[in-house]
Structure formats: C-alpha cells, structure tokens
Amino acid sequence: MKGNIVIYSRKSRFTGKGESIGNQTELCREYIKFHFGEEALEETFLYEDEGFSGGNLKRPGFQRMMVFVRKGGCRAIVVYRLDRISRNISDFAGLIEELSALGTAFISIREQFDTGTPMGRAMMYIASVFSQLERETIAERIRDNMRELARTGRWLGGTTPTGYTSEAVSSISLDGKTRKSCQLKLVPEEAKIVRKIYESYEATESLAGTEAELMKAGIRTKNGRSFTRFSIRAILENPVYLTADSDAWEYFDRAGTEVSSPRAAFDGLHGMLAYNRTRQEKGKKTEFLPTAEWIVAVGQHPGLIPGIRWVPVQENLKRNGSGAYRKPRGSENEALLTGLLFCACGSRMYPKLTPRRDAEGKRIYTYICSLKERSRKSLCNRKNANGNLLDREILEKIDPDLEALSVEEKRRKLRTLLKRVVWDGEEAKLEPSGEDSK
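Our subject in this report is the structure included herewith.

1. A few points about the sheet that holds strand 16 (residues 385-386)
Next up, step 1: The strand order across the open sheet formed by three strands is 14-15-16, and the pairing between neighbours is antiparallel. Taken across any chain shown, the strands that pair with only one partner, and hence form the sheet edges, are strand 14 (349-357) and strand 16.
Next up, step 2: Of the pairings in the sheet, the one linking strand 15 (residues 363-369) to strand 16 comprises two bridges and is antiparallel in character. Bridging from a neighbouring strand, Thr-366 pairs with Asn-386 of strand 16.

Below is the structure:
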C-alpha cells in the first residue's frame with residue numbers, strides 16, 4: 001500500500017507532561033516505524049493543535065490536515081488516542097465515513113483500532129460512544145458543582161461588578177477547620193453610579209440616551225473611561241444588582257431558570273448571583289446563554305435594584321436591541337474615509353446613511369463625530385461632514401484619476417497615501433502617510 005502517512009496530535013492546553021504534543025508524536029512515530037517500516041517515516045507528515053478542545057473539529061491543524069488528505073495519496077491517519085480527534089459522535093462518524101470513501105485508514109494506537117479492517121471500524125464506533133458519554137458526564141459534573149457553589153451564595157472571584165468589591169470571609173466548618181471564601185461588599189460611591197444608570201435608562205429607554213447622560217455628567221467607569229453602550233448594557237443585564245424579592249422569584253420561575261435558593265431566602269434585601277451565564281470557547285466570541293440555562297441563587301451581598309424595576313428593564317432591552325445607529329453596509333457602503341477620518345476633537349468619525357439619494361441615485365451619507373453622537377452634542381458640536389462631497393474633494397486633491405477605480409481600490413489607495421484626515425467642521429486637513437511625508 002503506497003501513499004503518505006499523517007500523524008495528528010492535540011492537547012487542550014500547553015504542557016510538557018503526560019500526553020503532551022511531543023509525547024503523542026513520538027509514540028505515533030514508533031508505531032509507524034514498527035508497522036510500516038522505517039522508510040515510511042520519511043513520508044510522514046505532522047499536524048497538531050495545542051490549546052484546542054476536542055468538542056468539535058474546528059481546529060486549524062486538523063483543518064489543514066483534512067485539506068491535505070482530501071487531495072489524495074494519504075493511506076493512514078495515526079493518532080495516539082481516539083479522543084485526540086473528537087469527543088463528538090456525530091463529528092467522528094462523519095469523519096470515518098469520509099476517510100473510508102477516500103481510502104484512508106484511521107489508526108488509534110492506544111485503543112489499537114484500525115479502520116482499515118471491518119472489526120476495527122465497528123470497535124471505533126463503540127469507543128466513540130463511550131468517549132462522548134465521558135464528555136457529557138464531565139459537563140454534568142461541572143453543572144453539579146455550579147449547583148453546590150450556588151447554594152453557598154459565594155462570589156467565585158474575577159473582576160468585581162461596578163458597585164461592589166470582593167472581601168475575604170472566614171468560617172468554621174463542621175470538622176472544626178477554618179474555611180476562607182469571598183463575598184461581595186457594597187462600594188457606596190460606585191453604587192450611586194449603578195442607580196444613576198438604571199434611573200437614566202428607565203427615563204430614556206435608550207442605551208444611547210443613557211450613554212449621553214453619563215458623558216454629560218462626567219461619570220466614568222472604575223478605570224476612568226467613559227461608559228459605552230456595551231458597558232451600560234452589561235450593568236443593566238447583570239442579575240447581581242437585582243434584589244432577591246417576590247418579583248425576582250417570579251421572573252426566574254417564568255423563565256424556567258434553575259433556582260438553587262428556597263423561596264423563603266428571597267427576603268427583599270440580598271442580591272442575586274447567576275452561574276452558567278456564558279459559554280466560552282477558545283477562538284470564539286463569548287456566548288451569552290438564555291436565562292433558562294442559568295443557575296441562580298440568593299447571594300450574601302445587598303441588592304441595589306428591586307425586581308419591580310429590574311424586570312421591566314430586561315424586557316425593554318430585548319425589545320429595543322442595541323439601539324445603535326445604522327451604518328452603511330455591503331453594497332450601500334461607498335464611504336471611503338472610514339478609519340481615516342477624525343474630528344478635530346480627536347474622536348473618530350463614522351458614516352451614517354440618510355434616506356436621500358443624489359442625482360446619480362447613490363445613497364447620501366454624512367460623517368459624524370463619535371463623541372458628538374455618544375454625548376448628544378454635549379462634548380462636541382462640530383458640524384457633520386457631507387460624506388459624498390468630502391470623498392470627492394479628497395480624491396480630486398490627491399489624484400483625479402482615482403475616480404475611475406472601484407470603491408475598494410479607492411479605499412486601498414487612500415490608506416496608502418494618507419495617515420489620516422482631520423475635519424474641523426468646515427474643511428478637512430489631509431495628513432500624508434509617513435512614507436509620503438518624508
């Protein structure tokens with residue numbers, strides 16, 4: 001049997017111990033040398049992924065390997081252990097079927113499976129079932145641990161939410177040992193900011209409006225930055241501020257949320273803690289899980305916002321979405337200066353579509369200062385720039401022949417020639433790139 005052999009190694013996190021990438025690779029090389037001969041090592045290719053879960057096949061090294069295998073000429077993929085490929089039965093079954101169609105064997109040296117034989121294929125499927133069972137058992141064990149932690153009402157650490165700080169507390173266990181844990185403690189000055197955010201949102205029913213109010217009042221985050229719509233929304237949605245009262249209980253009961261505290265614990269004084277609010281995977285954006293998948297409990301910290309106010313805020317956020325203004329997208333986006341155009345106040349300027357069209361039928365857009373937009377003109381009130389006109393004027397100043405290029409080609413050319421463009425409310429000042437200014 002001719003063709004190349006591929007070794008694939010994976011480990012969830014970097015380590016030089018145990019089943020490290022290096023150890024897996026060496027064991028696979030020894031297997032190939034013994035079963036295929038030493039000359040086969042000269043035609044062996046290595047693909048590896050370090051720091052990636054086996055929950056799915058979306059791993060860079062694995063994907064590169066499959067591109068190579070699909071080109072043909074690969075007689076076998078060798079792995080140290082079955083779960084180095086995947087713990088998902090559906091993914092694994094699909095992979096084995098594809099490899100079978102390509103005439104490529106799959107060999108796991110730990111379990112001694114070789115899909116080049118009928119018995120090997122059957123045993124491989126059986127083993128993959130147990131591999132997924134193990135994965136699901138681990139996930140359930142993690143959720144059980146969350147339930148136990150939720151019952152304690154402890155703060156598990158990490159960045160403390162605005163309005164609170166973390167303090168260590170000691171307690172004596174039944175076996176007489178001293179146990180240390182953390183709980184949230186109110187920071188009065190920060191708590192005022194949180195209350196202000198809720199009051200402003202209730203009055204405006206708008207994230208943008210709340211952002212403008214905070215900027216106008218000079219209210220900043222713990223790190224001294226201006227609040228953004230994203231950070232405001234994070235505070236409004238965080239159940240840590242919710243007072244554990246009858247409205248809170250009914251809200252979670254309706255949502256189907258798992259509540260680890262008895263109803264009697266909803267005393268109208270303490271706040272709430274929520275576990276399993278997000279799902280985080282390497283290389284992926286943090287996913288916020290629906291309320292039905294949370295595990296909530298009454299915390300040991302004081303609540304700030306009663307349920308009769310907190311619950312309507314959640315409903316309003318769902319109705320209104322992000323509240324962000326509409327930016328040009330796709331074929332509508334002919335703005336050339338995005339990323340290059342700055343207001344004289346130092347803030348970036350972004351294009352915003354209008355419902356009007358010019359004589360050529362193109363959508364008219366304006367460039368707006370982000371600080372002006374966010375602060376509702378309280379911190380910057382320079383005139384907007386007519387985007388269509390400004391783009392044409394700059395092209396003419398630089399090189400009239402650029403007008404014949406496509407939109408993308410114009411953008412690339414401008415980014416090569418210009419460092420940035422500054423708008424003072426009346427005219428634009430062009431700052432050439434470093435190379436052109438020498």
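That covers the picture; the talk isn't over yet.
2. Points about the environment of Arg-220
Next up, step 1: If you trace the backbone, Arg-220 turns up in the loop between helix 6 (207-217) and helix 7 (229-237).
Next up, step 2: Separated by 27 residues in the primary sequence, Arg-220 and Ile-193 have C-alpha atoms spaced 8.7 Å apart.
Next up, step 3: A polar contact is formed between the side chain of Arg-220 and the backbone oxygen of Gly-224, at a distance of 3.1 Å.
Next up, step 4: Within polar-contact distance, the side chain of Arg-220 engages the side chain of Ser-226 at 3.4 Å.

3. Things to note about the packing of aromatic side chains
Next up, step 1: One pass over the structure, following the stated rule, counts 10 aromatic pairs.
Next up, step 2: Note on Tyr-47 and Phe-68: the rings are 6.1 Å apart at their centroids and 40° apart in plane angle, and the pair reads as tilted. On the criterion of sequence distance, the pair formed by Tyr-47 in strand 2 (residues 44-50) and Phe-68 in helix 2 (residues 60-70) is long-range, its members being 21 residues apart.
Next up, step 3: What makes Tyr-47 buried here is its relative accessible area of 15%.
Next up, step 4: Here the aromatic rings of Tyr-164 and Tyr-241 are separated by 6.1 Å at their centres, their planes lie at 25°, and the arrangement is stacked. Of this pair, Tyr-164 sits in strand 6 (residues 164-172) while Tyr-241 is found in the loop between helix 7 and helix 8 (246-255), placing the two residues 77 residues apart along the sequence.
Next up, step 5: With a relative accessible area of 0%, Tyr-164 lands in the buried category.
Next up, step 6: One aromatic cluster in this structure is built from Tyr-251, Phe-252, Trp-294 and Trp-310.

Calculation notes
- Residues numbered from 1 in each chain as written.
- Predicted model: local features only at pLDDT ≥ 70, side-chain atom pairs only at ≥ 80, totals over all residues.
- Heavy atoms only, no water.
- Pairing = 2+ DSSP bridges.
- Helix = DSSP H or I, 4+ residues; strand = E, 2+ residues; numbered from the N terminus.
- Polar contact = N/O pair within 3.5 Å; in protein donor to acceptor, adjacent residues only side chain to side chain.
- Phe/Tyr/Trp six-rings, centres within 6.5 Å; stacked < 30°, edge-to-face > 60°.
- Buried < 20%, exposed > 50% of the residue type's maximum accessible area, 1.4 Å probe, protein only.

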